[in-house]
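The chain contents come next:
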Amino acid sequence: MAIIHKTTMSPGKLELLAAWLPAQPWYLPTGRPPALARAGGFRLDDPEGEVGIEFMVVTDTSGGEPTAYHVPLTYRGAPLAGAEVALVGTTEHGVLGRRWVYDGPHDPVLTAQLLALFQGRAEPQAQSLSDTPDPSVTARYEGPDPAGAEDAPALTVTRVFGEAAAPAAKTLGEVTAGWTGPDGSAHRGVFASLAAR
């Protein structure tokens, strides 16, 4: 189980994301710098114990209405070869030292554990507590082994909650979790889905 250290990160996660988000094609520009707040999410464990895996929701209140973004992140103790385009930034962790922070869908450790979650082989963990399962995160999947299938299902990670998405040809599974709006309201949505190609 991953250990969640109560320590500092410099720059912090929200600082990294405030600089990174506006450059993403799915970001909804407001004409102002992002005003981000943590809104929820969960973690998965890396079986090797090397990579931190977090599915974070942040809300941006820089526009008229708050927008909720899903930002899966991985935290590594060394650069991930070939993933320069996915680097969110580097930060100094108070316990672990320098960490390289990546856009999670580009990290093979995150995608492998997300597929394991779909199949019930990985257990979602609380975002901010060590060794604490999060039963509010639900996963369902009805299909062949997504890792071994000849025609593997297409994995889609939600980036912006509330946006109308084109319906998939045939959804085989979904991971659903919750987050909290700036006004304290509770929300749930699909964080990731698998669909037949």
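Below is a short write-up of the structure. (Residues numbered from 1 in each chain as written. Predicted model: local features only at pLDDT ≥ 70, side-chain atom pairs only at ≥ 80, totals over all residues. Heavy atoms only, no water.)

1. Thoughts on the pattern of salt bridges
As a reminder of what qualifies: We define a salt bridge as a contact between a side-chain nitrogen of Lys or Arg and a carboxyl oxygen of Asp or Glu at a distance within 4 Å. Starting at the N terminus, helices and strands are each numbered in turn, a helix being any DSSP run of H or I of at least four residues and a strand any DSSP run of E of at least two. Each residue is assigned to one of three classes by its accessible area relative to the maximum for its type, calculated with a 1.4 Å probe on protein chains only: buried under 20%, partly exposed between the two thresholds, exposed over 50%.
Summed over all chains, the structure comprises five salt bridges. The residue K13 makes a salt bridge to E54 at a minimum N-O spacing of 2.9 Å. Remark: E54 occurs in strand β3 (residues 52–60) and K13 occurs in helix α1 (residues 13–20); sequence separation between them is 41 residues. Its relative accessible area of 9% is what places K13 among the buried residues. In this structure E54 comes out as buried when scored by relative accessible area, which is 1%. Put simply, R43 and E54 hold a salt bridge, and the shortest N to O gap is 3.5 Å. Here R43, found in strand β2 (residues 36–44), pairs with E54, found in strand β3; they are eleven residues apart in sequence, far enough to count as distant. Accessibility classification places R43 together with E54 in one group, the buried group.

2. Side note on α1
One turn of the α-helix equals 3.6 residues, which is why residues spaced by three or four share an orientation. Just so we agree on the cut-off: By definition, the arc is the one covered by directions from the helix axis to the C-beta atoms.
Buried within α1 we find K13, L16, L17 and W20. Looking down the long axis of α1, one finds its buried residues gathered within 95° of arc, a one-sided arrangement. Exposed residues pointing more than 90 degrees away from the buried face of α1 are listed as E15 and A19.

3. Remarks on the packing of aromatic side chains
The following threshold applies: What counts as a ring pair is set by centres within 6.5 Å for rings of Phe, Tyr and Trp (its six-membered ring), and what kind of pair is set by the plane angle: stacked under 30 degrees, edge-to-face over 60, tilted for all other angles.
Taken as a whole, this structure holds nine aromatic pairs when the rule is applied. Summarising the aromatic geometry, the rings of W26 and Y69 are spaced 6.0 Å apart at their centres and angled 45° between planes, so their arrangement reads as tilted. In this pair, W26 is assigned in the loop between α1 and β2 and Y69 in strand β4 (residues 67–76), connecting sequence segments 43 residues apart. The same class applies to W26 as to Y69, namely buried.

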